[in-house]
Amino acid sequence: MSAAPAALSPAARLRGLRPDWIRDPKVWRTEVLAGLVVALALIPEAISFSIIAGVDPAIGLFASFTMAVTLSIVGGRRAMISAATGAVALVIAPVNREHGFGYLVACVILAGVFQIVLGALGVAKLMRFVPRSVMVGFVNALAILIFLAQVPQMHDVPWPVYPLLVGGLLLMVLFPKITRVVPAPLVSIVALTVVTVAAGITVPTVGDQGRLPSSLPTPGLPDVPFTLDTFTTVAPYALAMALVGLMESLMTARLVDDITDTRSNKTRESIGQGIANIVTGFFGGMGGCAMIGQTMINVRVSGARTRLSTFLAGSFLMVLCIVFGPIVSDIPMAALVAVMVMVCFATFDWHSVAPKTLRRMPAGEITVMVLTVVVVVATSNLAIGVVVGTVTAMVIFAKRVARLSDVTAVVDPDGSQVVYRVDGQLFFGSAYDLVARFRYATDPDKVVIDLSGTHVWDASSVAALDAVEAKYAERGKTVEITGLNERSAHLHARLSGELTAGH
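First, a word on scope: everything that follows refers to the structure included in this document. (Residues numbered from 1 in each chain as written. Predicted model: local features only at pLDDT ≥ 70, side-chain atom pairs only at ≥ 80, totals over all residues. Heavy atoms only, no water.)

## Regarding the overall build of the chain
Logical step 1: In terms of helices and strands, the chain carries 21 helices and six strands.
Logical step 2: Against the 2.2 N^0.38 benchmark of 23 Å for 503 residues, the chain shows a C-alpha radius of gyration of 29 Å, more extended than a compact globule.
Logical step 3: Dimensions of the chain along its principal axes, counting C-alpha atoms only, are 100 × 75 × 60 Å.
Logical step 4: Looking at the chain as a whole, 51% of its 503 residues qualify as buried. (Helix = DSSP H or I, 4+ residues; strand = E, 2+ residues; numbered from the N terminus. Rg over C-alpha atoms; globule rule 2.2 N^0.38 Å. Buried < 20%, exposed > 50% of the residue type's maximum accessible area, 1.4 Å probe, protein only.)

This is the structure:
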């Protein structure tokens, strides 16, 4: 008999519980460098989103810091980056413009409360109804939006920007062939900064985008009256922010799930987004949600997989701004634009638009994908595009399923009765056509409707069956419905005869 394995000591068990980045130096290095690259890319993005919201650039940078650090602890998707975003900035900009900064902060805090409530109610489970064609359209639209956001930095700029941009792209393509120890985007940013500073090349820099903060944010309450009027003023904007933020965050989490072949806790992420926005609000930030572009830098380009990269992205952001502000201000925007263009290329699903794929895809799937892309790009709002694409996919699906229902009639040899067999699914999309499939005038006096090959899903189907029975009854004929499964029989018994006026 073989000896029983020795019990692990408490110290050994503790070592087994340590995160990967502690036990593996390679993972630690990847996560640290990924966090640094993301922090550098966050600075101009956060500043530009602050301008959209109409607030000081420091507000967006503070929000990016608190969102990333908080969600690295309470979030449900490891390695996902959350910070100040354009979608949130667009929603809350009217609050700041019309009511002032205090109301904007109150709006962010209330949006966080709404997100916690929605997360606890299970809103994350609705993600299962987003079809693949919408997801592909979402990803492709995201890549297009990221690229379009870089266009202003490539238009009407000094000519040295273009060779710097090309040089940065070449570095990111070629450097990984030499080594992957250091992320290529970081090498590109450092190299282009050194070249521009050493050669005295005058090009747009990070410092041109706005003033960097010189101290950490301090907590405090929003400067608003705590009254019902304040609540009714900010609540509509807060709810819109909560929904947009959750949709973008959950879509991003699903995308990271696919890239990393791991599952995330969407309910925890939803609640975590709410907690992060509340914390951000109390620190005077503008709120935010998952940043898809920065997440792609972290996960796809830099190879990060743990919470450490998310925590360090936020931490490095503040360190870079406060401690190394003068150096960071000298980073040429061309270096960061090159990184984002690379992200666009890596994010876009090129296989989805290949001629071979398009020839094999059903027309409805292509329509949904293209419509999602068009709506997102036209509105610059990922959430609107996802909703429109999902609704369109549902309509196409309903029409497709409705056509699958079939009715066949078999008359007994003696002509005493006719048996109609219904196959397919009975729901609101197919119920209307069902009524027209019977020969009320010429059928025998006894009619049997066999529903063993179908399922009755809703009140529309029960109402259609009632209408069939009523039409036969007007002609003095009897109808017997057979073959209902248990759930269909329960629904039919509960609703039959109760759906018309007078009941």
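## A few points about the layout of surface pockets
Logical step 1: In this structure, the largest pocket spans a volume of roughly 780 Å³.
Logical step 2: Lining the largest pocket are 32 residues, and of these Glu45, Phe49, Gly86, Leu145 and Ala149 sit closest to its centre.
Logical step 3: For the lining of the largest pocket, a count of residues per class yields 20 nonpolar, ten polar and two charged.
Logical step 4: Estimates place the volume of the second largest pocket at around 400 Å³.
Logical step 5: For the lining of the second largest pocket, the elements supplying multiple residues, two or more each, are α3 (25-53), α8 (161-178), α9 (184-199), α12 (292-301) and α15 (333-347).
Logical step 6: Grouping the constituent residues of the lining of the second largest pocket by class yields 13 nonpolar, four polar and three charged. (1 Å grid on protein atoms, 1.4 Å probe; cavity = no way out; pocket = protein on both sides within 12 Å on 5 of 7 lines; lining within 4 Å. Points joined across faces, edges and corners; volume = space filled by probe spheres on them. Nonpolar A, V, L, I, M, F, W, Y, C, P; charged D, E, K, R; others polar.)

## Focus: the nonpolar core
Logical step 1: Grouped together as the largest cluster of nonpolar side chains are 105 residues, with contacts concentrated most on Ile43, Leu61, Phe138, Met286, Ile297, Leu317 and Ile331.
Logical step 2: In terms of residue count, the dominant contributor to this core is α3 (twelve residues).
Logical step 3: Discounting residues that sit within four places of it in the chain, Leu61 has contacts with Ile43, Ala46, Ile47, Ser50, Leu212, Pro213, Leu317, Met318 and Cys321.
Logical step 4: One finds Tyr420, Phe438, Leu451 and Val468 within the second-largest nonpolar core, a separate group that totals 22 residues. (Core = buried A, V, L, I, M, F, W, Y, C linked by side-chain atoms within 4.5 Å. Contact = heavy atoms within 4.5 Å.)

## A closer look at α12
Logical step 1: For α12, the tally of buried residues reaches eight of ten residues, placing the bulk of the element in the interior.
Logical step 2: Of all the positions in α12, only Ile292, Gly293, Gln294, Thr295, Met296, Ile297, Asn298 and Val299 are classed as buried.
Logical step 3: Looking one or two residues beyond α12, the residue adopting positive phi is Gly303, at roughly 80 degrees.

## With respect to the packing of aromatic side chains
To describe a pair of aromatic rings, you give the distance between the ring centres and the angle between the ring planes.
Logical step 1: Overall, the coordinates contain six aromatic pairs when judged by the stated rule.
Logical step 2: The interplanar angle of 40 degrees and the centroid separation of 6.2 Å between the aromatic rings of Phe438 and Tyr440 together place this pair among those described as tilted.
Logical step 3: The exposure class of Tyr440 is buried, given its relative accessible area of 10%.
Logical step 4: Each ring, one from Tyr440 and one from Tyr472, has its centre 4.8 Å from the other, and the planes form 55 degrees; the classification is tilted. Placement of the pair is Tyr440 in the loop between α19 (428-435) and β5 (446-456) and Tyr472 in helix α20 (residues 459-474), with a sequence separation of 32 residues.
Logical step 5: Connected via pairs of aromatic rings, a cluster forms that spans Tyr420, Phe438, Tyr440 and Tyr472.
Logical step 6: The positively charged end of Lys471 is found above the aromatic ring belonging to Tyr440, 5.9 Å away from the centroid. (Phe/Tyr/Trp six-rings, centres within 6.5 Å; stacked < 30°, edge-to-face > 60°. Lys NZ or Arg CZ within 6 Å of the ring centre and 35° of its normal.)

## Re the pattern of salt bridges
Logical step 1: Counted according to the given criterion, the structure contains six salt bridges.
Logical step 2: Residue Asp257 is joined to Lys266 by a salt bridge in which the shortest nitrogen-to-oxygen separation is 2.5 Å. Grouping residues by exposure puts Asp257 and Lys266 together as buried.
Logical step 3: Of the charged contacts in the structure, one is a salt bridge between Lys446 and Glu480, with a shortest N-O distance of 4.0 Å. Remark: Glu480 occurs in strand β6 (residues 478-482) and Lys446 occurs in strand β5; sequence separation between them is 34 residues. (Salt bridge = Lys/Arg side-chain N within 4 Å of Asp/Glu carboxyl O.)

## Looking at a nonpolar patch on the surface
Logical step 1: Residues Val166, Leu170, Val173 and Leu174 make up a contiguous nonpolar surface patch of roughly 340 Å² in combined accessible area.
Logical step 2: With respect to the secondary-structure elements, Val173 resides in helix α8. (Patch = residues over 30% accessible without salt bridge, like charges linked within 9 Å, V, L, I, M, F, W, Y side chains within 5 Å. Areas by Shrake-Rupley, 256 points an atom, 1.4 Å probe, with all protein chains shown as cover.)

## A closer look at α15
Logical step 1: Across its 15 residues, α15 extends 21 Å between first and last C-alpha, which sits within 8% of the 21 Å expected from 1.5 Å per residue.
Logical step 2: Inspection of α15 places Met333, Ala334, Ala335, Leu336, Val337, Ala338, Val339, Met340, Val341, Val343, Cys344 and Thr347 among the buried residues, and these make up the whole buried set.
Logical step 3: Buried residues along α15 sit in contact with α3, α7 (132-150), α8, α9 and α12. (Expected span 1.5 Å × (residues − 1).)

## Considerations on empty space enclosed by the protein
Logical step 1: Scanning the entire structure with this criterion turns up one cavity of 30 Å³ or more.
Logical step 2: Considered as a void within the structure, the largest cavity measures approximately 40 Å³ in volume.
Logical step 3: What lines the largest cavity is simply Gln153, Val161, Val203, Pro204, Met333 and Ala334.
Logical step 4: A class-by-class count of the residues in the lining of the largest cavity yields five nonpolar, one polar and no charged.

## A word on the sheet that holds β5
Logical step 1: Within the open sheet, the four strands sit side by side as β3-β4-β5-β6. Their pairing is mixed. Single-partner strands in this sheet number two, and they are β3 (406-411) and β6. Between one strand axis and the next, the sheet turns through 20 degrees on average, direction left out of account.
Logical step 2: Two elements, β3 and strand β4 (residues 417-426), share six bridges in a ladder whose sense is antiparallel. (Pairing = 2+ DSSP bridges. Axes fitted to C-alpha atoms, helices over the stretch in contact; angles between N-to-C directions.)

## What to know about the environment of Thr280
Logical step 1: Along the polypeptide, Thr280 turns up in helix α11 (residues 266-282).
Logical step 2: Look at Thr280 and you get buried, because its relative accessible area is 0%.
Logical step 3: Once the C-alpha coordinates of Thr280 and Ala68 are considered, the two residues, 212 residues apart in sequence, prove to be 10.0 Å apart.
Logical step 4: If we ignore the near neighbours within four places in the chain, the residues touching Thr280 are Ala63, Thr66, Met67, Gly285, Met286 and Gly287.

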